[in-house]
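The lines below spell out each chain.
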Number of protein chains: 2
Amino acid sequence: MNNYVEVEGKYRITCNNIRKINYFLEENGFKEKYRVVEKDIYYNHPCRDFSRTDEALRVRIRKYIGQGIVKIVLTYKGSRKILAEGVKARKEIEVELNNWRKMDKILLSLGFQRVASFVKERIIYRKKDVEVTIDHVYGLGRFMEVETNNRSIIENIYSSLSECLQPVNKTYLELCLETQKCRDDFDDS
Amino acid sequence: MNNYVEVEGKYRITCNNIRKINYFLEENGFKEKYRVVEKDIYYNHPCRDFSRTDEALRVRIRKYIGQGIVKIVLTYKGSRKILAEGVKARKEIEVELNNWRKMDKILLSLGFQRVASFVKERIIYRKKDVEVTIDHVYGLGRFMEVETNNRSIIENIYSSLSECLQPVNKTYLELCLETQKCRDDFDDS
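Below is a short write-up of the structure. Predicted, not measured: the structure shown is a model, and the values here were computed from it. (Residues numbered from 1 in each chain as written. Chains lettered and ligands numbered in written order. Predicted model: local features only at pLDDT ≥ 70, side-chain atom pairs only at ≥ 80, totals over all residues. Heavy atoms only, no water.)

## A closer look at the overall build of chain A
Part 1 of the argument: Looking only at helices and strands, one finds five helices and ten strands in chain A.
Part 2 of the argument: Here chain A has a C-alpha radius of gyration of 16 Å; the compact-globule value for 189 residues is 16 Å, and the two agree.
Part 3 of the argument: Within chain A, the proportion of its 189 residues that are buried is 52%.
Part 4 of the argument: Within chain A, counting contacts between residues at least 6 apart in sequence, those at least 24 apart form 66% of the total. (Helix = DSSP H or I, 4+ residues; strand = E, 2+ residues; numbered from the N terminus. Rg over C-alpha atoms; globule rule 2.2 N^0.38 Å. Buried < 20%, exposed > 50% of the residue type's maximum accessible area, 1.4 Å probe, protein only. Contact = heavy atoms within 4.5 Å.)

## Describing the environment of His136(B)
Residues and elements named next belong to chain B.
Part 1 of the argument: Examined against the element boundaries, His136 turns out to sit in strand β8 (residues 130–137).
Part 2 of the argument: A relative accessible area of 25% places His136 in the partly exposed class.
Part 3 of the argument: Once the C-alpha coordinates of His136 and Lys102 are considered, the two residues, 34 residues apart in sequence, prove to be 28 Å apart.
Part 4 of the argument: Apart from the residues lying within four places of it in its own chain, the contact partners of His136 are Val119, Lys120, Glu121, Gly141 and Arg142.

## Overview of the packing of aromatic side chains
Part 1 of the argument: The final tally for this structure, using the stated rule, is eleven aromatic pairs over all chains.
Part 2 of the argument: For the pair Phe118(A) and Tyr172(A), a centre-to-centre distance of 6.3 Å together with 80 degrees between the ring planes defines the contact as edge-to-face. With Phe118(A) in strand β7 (residues 113–127) and Tyr172(A) in helix α5 (residues 172–179), the pair connects residues that are 54 residues apart, well separated along the chain. We note that Phe118(A), like Tyr172(A), is buried.
Part 3 of the argument: Ring geometry for Tyr11(B) versus Tyr158(B): centroids 5.0 Å apart, planes at 10 degrees, classification stacked. One end of the pair, Tyr11(B), is in strand β1 (residues 4–13); the other, Tyr158(B), is in helix α4 (residues 151–160), with 147 residues separating them in the sequence.
Part 4 of the argument: Take Tyr11(B): its relative accessible area is 1%, and that puts it in the buried class.
Part 5 of the argument: The partly exposed category is assigned to Tyr158(B), whose relative accessible area is 23%.
Part 6 of the argument: Between the NZ or CZ atom of Lys10(B) and the centre of the ring of Tyr172(B), over which it lies, the distance is 3.5 Å. (Phe/Tyr/Trp six-rings, centres within 6.5 Å; stacked < 30°, edge-to-face > 60°. Lys NZ or Arg CZ within 6 Å of the ring centre and 35° of its normal.)

## Section: the state of the cysteines
Residue and element names in this part refer to chain A.
Part 1 of the argument: Taken as a whole, this structure holds five disulfides over all chains when the rule is applied.
Part 2 of the argument: Paired by a disulfide, Cys15 and Cys164 hold their sulfur atoms 1.4 Å apart. The sign of the -115 degrees torsion about the S-S bond sets the Cys15-Cys164 disulfide as left-handed. Residue Cys15 is located in the loop between β1 (4–13) and α1 (19–27), and its partner Cys164 is located in the loop between α4 (151–160) and β10 (165–167); the two are separated by 149 residues in the primary sequence. (Disulfide = S-S within 2.5 Å.)

## Brief notes about the interface of chain B and chain A
Part 1 of the argument: Counting residues at the interface gives 27 residues for chain B, matched by 27 residues for chain A.
Part 2 of the argument: The largest contributions to the chain B side of the interface with chain A come from Lys102(B), Ile106(B) and Leu110(B), which together make up 25% of the buried area.
Part 3 of the argument: Joining chain B to chain A, the criterion identifies zero salt bridges.
Part 4 of the argument: Contributions of two or more residues to the side of chain B that touches chain A are made by β4 (69–77), β6 (87–97) and α3 (100–109) of chain B.
Part 5 of the argument: Ranked by the residues each element gives to the side of chain B that touches chain A, the list is headed by β6(B), at six residues.
Part 6 of the argument: Considered class by class, the residues forming the side of chain B that touches chain A number 13 nonpolar, seven polar and seven charged. (Buried area = accessible area lost by both parts, 1.4 Å probe. Salt bridge = Lys/Arg side-chain N within 4 Å of Asp/Glu carboxyl O. Nonpolar A, V, L, I, M, F, W, Y, C, P; charged D, E, K, R; others polar.)

## Regarding the nonpolar core
Looking at soluble globular proteins, one finds that nonpolar side chains tend to be buried together.
Part 1 of the argument: Leu74(A), Leu57(B) and Leu74(B) are the most contacted members of the largest nonpolar core, which totals 36 residues.
Part 2 of the argument: Residue contacts for Leu57(B): discarding those within four places in its chain leaves Ile106(A), Leu110(A), Ile41(B), Tyr42(B), Tyr43(B), Phe50(B), Leu74(B), Thr75(B), Tyr76(B), Leu107(B) and Phe112(B).
Part 3 of the argument: With 23 residues, the next largest nonpolar core counts Tyr11(A), Phe30(A), Val130(A) and Cys164(A) among its residues. (Core = buried A, V, L, I, M, F, W, Y, C linked by side-chain atoms within 4.5 Å.)

Laid out in structure tokens, this is it:
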């Protein structure tokens, strides 16, 4: 997921339980790869308004459940191109860091401002080069993302599960800012 | 060297050979700790002029000679306070990265501009909490830096070696920009 154009479908999960989705993934050969808890901190630029330029700068602290590993990543995202309902392409550049608090201090010293932070539980499933992610964003609800280079796969998965999914073009950041309901309680120790 | 106020003396080495300095360090119990080759890339801010605000943002690629280790560090430096001739204090925040090219791309995407890059060979000597560095900056010449919390140690070392040393308040970045002689040939493989 480094320095490439990301194509993903993103959906709010509208069914009360996600057994139907789990069953679909299992039946179609998707394997659970790992579970993580992630805290994301988003920043605005000192002299550009990212909500206008549609860019994003994020520090992510990712904790692998059951493995005791914490990975810290700084990500820049360019503006989105909407390819279809719920399907977007976006330039991403990522670099791994050894300390998120120091990166936060550097960004604040450079005039970047924190705009939001939130925590999600994430289960990642994979089948060849298709990645499906089930997210529980604290305060916001459950979502599914599908990531692959092949747009038709994304559309096929959506049509199979459409009764449980509602396409979302907005980012979690935008949804958090809109609702003001996201929570960022996280233990990175 | 993380997130603290750096107090250092910096001097241009004016003697033709540095045997006198090496002899002084040995006689006074300094031990050579390691040798590195460093490439430093400096950036200007998208909407602040760091040459006016006296801040700095640097990506450093450090290669440990004989050990095959490469360490990459992003450093923010606040404005300098000059404490004595050649002695300055400065806030520093550092974070380690796994890839300098991606950090460079993120910074350029955010509107930071590269202002200079240069390479130096560096030998680090230490005695308790005093660090002495002998630098050969490609295209610029030889320098000595003394770093410790105790200003009087810095001043004592300077007076012992004053015939070989000329205090410098400028950074390598400023000297490189002034002279336009610095070189950045570096193999980070």
